[in-house]
Amino acid sequence: MSESIKLHYVVPGDDFTRAGAASGDVKRTLKQLGISPNAIRNVAIAMYEGEINMVIHAGGGEIDVEITEDKINMVLADQGPGIADVSLAMKEGYSTAPDNIRSLGFGAGMGLPNMKKYSDSFEIETELGVGTTLKLSVNIE
Amino acid sequence: MTVNDIKEILQAEIICRDDLMDRAVNSACGSDMMSDVLAFVKEQAVLLTGLVNPQVVRTAEMMDMHCIVFVRGKRPTLDMIEMAEDRDMVMLCTELEMFTSCGRLYEKGLRGGSGK
């Protein structure tokens, strides 16, 4: 792969049932490119958690994916409320999700920790009232 | 163990993709919290859950799972069934509770994805 492949997705904020559609699409694209199953799963899970977060907390957002020769870069940006305490949000089990989200199977406080766990590099930029941007990358073995 | 063995052990009904019943499955995960499924388990092929919404199918998709078992008589919606069919996943329904379903499968040799 000499040139990188770029994909762009808009994640609608009002439809929980559609969250994950972008991750599913990226997963299928990576499979077609013959990327290793382990890297594909890491990308799929990290991005899926990000999509779910966007819908739960931020009213949607946008995701850019770049597939290069040696890694997959993801930028997930929203214009939501921002994260007040990043170190708390990174703690497993800490969640600010409302009860109705828990009844849908999410809001266990594992979203951000999972995203970090499954990526090789992970950065958060967040500002209250402005939004949050996550930059993740997964190495292709 | 195959998906068909799971159906027999749990006295389950096949909801979709009965053409994939011979697939081998070596590990499973039982949870109603999808974030936990995404966090703690690797290489698991079967998801047992009492949760009914499309994110169950998406979670199974991200984890490369072959089979979803709905416990305690829960039934997937039509859109969930269509999603599973497209993703080559078998769906089963059992009247058994989560604890009993997991116990029966464990007894027959199925283990959690982490190997513990």
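Residues numbered from 1 in each chain as written. Chains lettered and ligands numbered in written order. Predicted model: local features only at pLDDT ≥ 70, side-chain atom pairs only at ≥ 80, totals over all residues.

1. Here we look at the nonpolar core
In terms of nonpolar packing, the biggest core is built from 74 residues, with Val46(B), Cys67(B), Ile68(B) and Val69(B) touching the most fellow members. Per-element tally for this core: the top contributor is helix 2 (residues 37-58) of chain A, with 12 residues. Sequence-distant contacts of Cys67(B), that is, excluding residues within four places in its chain, are made with Val3(B), Ile6(B), Val25(B), Ala45(B), Val46(B), Met89(B), Val90(B) and Leu92(B). (Core = buried A, V, L, I, M, F, W, Y, C linked by C-beta atoms within 7 Å. Buried ≥ 20, exposed ≤ 12 C-beta atoms within 10 Å, placed from the backbone. Helix = DSSP H or I, 4+ residues; strand = E, 2+ residues; numbered from the N terminus. Contact = placed C-beta atoms within 7 Å.)

2. Structural notes on the sheet that holds strand 5 (residues 90-93) of chain B
Adjacent strands of a sheet form backbone hydrogen bonds with each other and so pair up, either parallel or antiparallel. All names here are of chain B. Read across the open sheet, the six strands follow the order 1-5-4-3-2-6; overall the sheet is mixed. The sheet is open, and its two borders are formed by strand 1 (13-16) and strand 6 (111-112), each paired with just one other strand. By the bridge criterion, three bridges tie strand 2 (residues 27-30) to strand 3 (residues 46-49) in an arrangement that is parallel. Paired with alanine 28 across the bridge in strand 3 is valine 46. Sitting on the sheet, helix 4 (residues 78-86) is in contact with strand 1, strand 4 (67-70) and strand 5, with an inclination near 80° to strand 1. (Pairing = 2+ DSSP bridges. Axes fitted to C-alpha atoms, helices over the stretch in contact; angles between N-to-C directions.)

3. Description of the confidence of the model for chain B
For chain B, the average pLDDT comes to 93, and 95% of its residues sit at 70 or higher. In the model output, the complex is listed with pTM 0.91 alongside ipTM 0.89. (pLDDT = per-residue confidence, 0-100.)

4. Observations regarding the interface of chain A and chain B
Contact residues are listed per partner, giving 18 residues for chain A and 16 residues for chain B. Those elements that provide at least two residues to the side of chain A that touches chain B are helix 1 (21-32), helix 2 and helix 5 (111-117) of chain A. For the side of chain A that touches chain B, the leading source of residues is helix 2 of chain A, giving five residues. Residue composition of the side of chain A that touches chain B, grouped by class: eight nonpolar, seven polar and three charged. (Nonpolar A, V, L, I, M, F, W, Y, C, P; charged D, E, K, R; others polar.)

5. Looking at helix 1 of chain A
With 12 residues, helix 1 of chain A should cover 16 Å at 1.5 Å per step; its first-to-last C-alpha distance of 17 Å lies within 8% of that length. Within the span of helix 1 of chain A, buried status applies to Ala22(A), Ser23(A), Gly24(A), Val26(A), Lys27(A) and Leu30(A). Close packing links the buried residues of helix 1 of chain A with strand 1 (5-12), helix 2 and strand 2 (60-67) of chain A together with helix 3 (54-62) of chain B. (Expected span 1.5 Å × (residues − 1).)

6. Here we look at the pairing of strand 5 of chain B
Residues and elements named next belong to chain B. Along strand 5, one buried face is formed by Val90 and Leu92 and the opposite face, lined by Met91 and Cys93, is buried too. Pairing of strand 1 with strand 5, which is carried by three bridges, proceeds in the antiparallel orientation. Across the sheet, residue glutamate 13 finds its bridge partner in strand 5, namely cysteine 93. Examined bridge by bridge, strand 4 and strand 5 share four bridges and lie parallel to one another. Bridging from a neighbouring strand, valine 69 pairs with leucine 92 of strand 5.

7. Description of the sheet that holds strand 3 (residues 71-78) of chain A
Residue and element names in this part refer to chain A. Taken in spatial order, the five strands line up as 1-2-3-5-4 in an open sheet, and their pairing is antiparallel. Of all the strands in the sheet, the pair left with one neighbour each is strand 1 and strand 4 (121-127). Averaged over neighbouring strand pairs, the angle between their axes works out to 10° when direction is ignored. As paired elements, strand 1 and strand 2 share eight bridges and run antiparallel to each other. Following the sheet pairing, histidine 8 is matched in strand 2 by aspartate 64. On top of the sheet, helix 1 reaches strand 1 and strand 2; it is set at about 160° to strand 1, its chief contact.

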